[in-house]
Amino acid sequence: MLYLLELSLQSESGFALVLELLDNVIVKFAAWAVLSGLLYHLIAGIKHLIMDLGYGETLKGGFIGACITLALSAVVIVTAGVWIW
Amino acid sequence: MVTNVTNLGRSGLYDWIIQRFSAIILAAYSLCILASFVMNPDMDFAKWSSIFEGNAMRFFSMITLFALCAHAWIGMWTVLTDYMTPLQLGTRATFLRILFQAGCVLLIAVYLLWGIQIFWGN
């Protein structure tokens, strides 16, 4: 990922090479996998911070929060997949 | 089990607060990058490099890079001291965990230096 960032910022031809690399199905899938992990971490992290503030700190609240986290993550991850392809 | 010499802040309270603040910085940066993609559907090299060129964005990128490193250190420490313990690994647990943690720290150092090179190099 860092390599792609470096390449894309180095030069115009580097940027073109990144676009070319991202045309590859395997690279696309790898990018999607990394992005999915990151998005889930982000959403679960926001839920964690909300619970730190004292909201939903009950057995029922925790369950609802976990359900929302999983559902929202699934939607966002599918959206990311659509965006990549 | 030796744990308190391998965490970042040397105290749970420091780690706790560093982890929260770095999380907020990382989330803000992620959303900014996401927004730049949404606002530029026809992204090309000129637009892409101009996003990272300004001084404000350079500082933001750099602060985020530091936040990422701290966040990763604390996060890996938390996970490893929870799941690489004598309970799972027996008597050599501490040795194995510190070896693993050293690997993580090395990787974090590489990311930090490489990241500085990318954002500030050209």
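In this report, the structure presented in the accompanying data block is examined.

So, how was this worked out
- Residues numbered from 1 in each chain as written.
- Chains lettered and ligands numbered in written order.
- Predicted model: local features only at pLDDT ≥ 70, side-chain atom pairs only at ≥ 80, totals over all residues.
- Helix = DSSP H or I, 4+ residues; strand = E, 2+ residues; numbered from the N terminus.
- Rg over C-alpha atoms; globule rule 2.2 N^0.38 Å.
- Axes fitted to C-alpha atoms, helices over the stretch in contact; angles between N-to-C directions.
- Parallel < 35°, antiparallel > 145°, perpendicular 65-115°, else oblique.
- Left-handed = near helix turned anticlockwise from the far one by under 90°.
- Contact = placed C-beta atoms within 7 Å.
- Nonpolar A, V, L, I, M, F, W, Y, C, P; charged D, E, K, R; others polar.

A closer look at the overall build of chain B
Thinking step 1. A count of helical and extended segments in chain B gives five helices and zero strands.
Thinking step 2. Going residue by residue from the N terminus, the α and β elements of chain B occur as α-α-α-α-α.
Thinking step 3. Relative to the compact-globule value of 14 Å for 122 residues, chain B shows a C-alpha radius of gyration of 18 Å, a clear excess of over 25%.
Thinking step 4. Each principal axis of the C-alpha distribution contributes one length, and for chain B these read about 55 × 25 × 25 Å.

A word on the packing of helix α1 (residues 12–39) of chain B against helix α3 (residues 55–83) of chain B
All names here are of chain B.
Thinking step 1. Running from amino to carboxyl end, α1 crosses α3 at an angle of 135°, the nearest separation of the two axes being 8 Å. With respect to α3, the element α1 is oriented oblique. Two packed elements cross with a definite hand, and for α1 against α3 that hand is left-handed. Facing α1, whose interface residues are Asp15, Ile18, Gln19, Ser22, Ala23, Ile25, Leu26 and Tyr29, α3 presents Phe60, Ile63, Thr64, Ala67, Leu68, Ala70, His71 and Ile74.
Thinking step 2. When its residues are assigned to classes, the contact of α1 with α3 shows eleven nonpolar, four polar and one charged.

Side note on the interface of chain B and chain A
By convention, interface size is frequently given as the accessible area that disappears when the constituent parts associate.
Thinking step 1. Between chain B and chain A, the contact holds 13 residues from the first and twelve residues from the second.
Thinking step 2. Of all the elements in the fold, those that place two or more residues in the side of chain B that touches chain A are α1, α2 (45–53) and α5 (93–121) of chain B.

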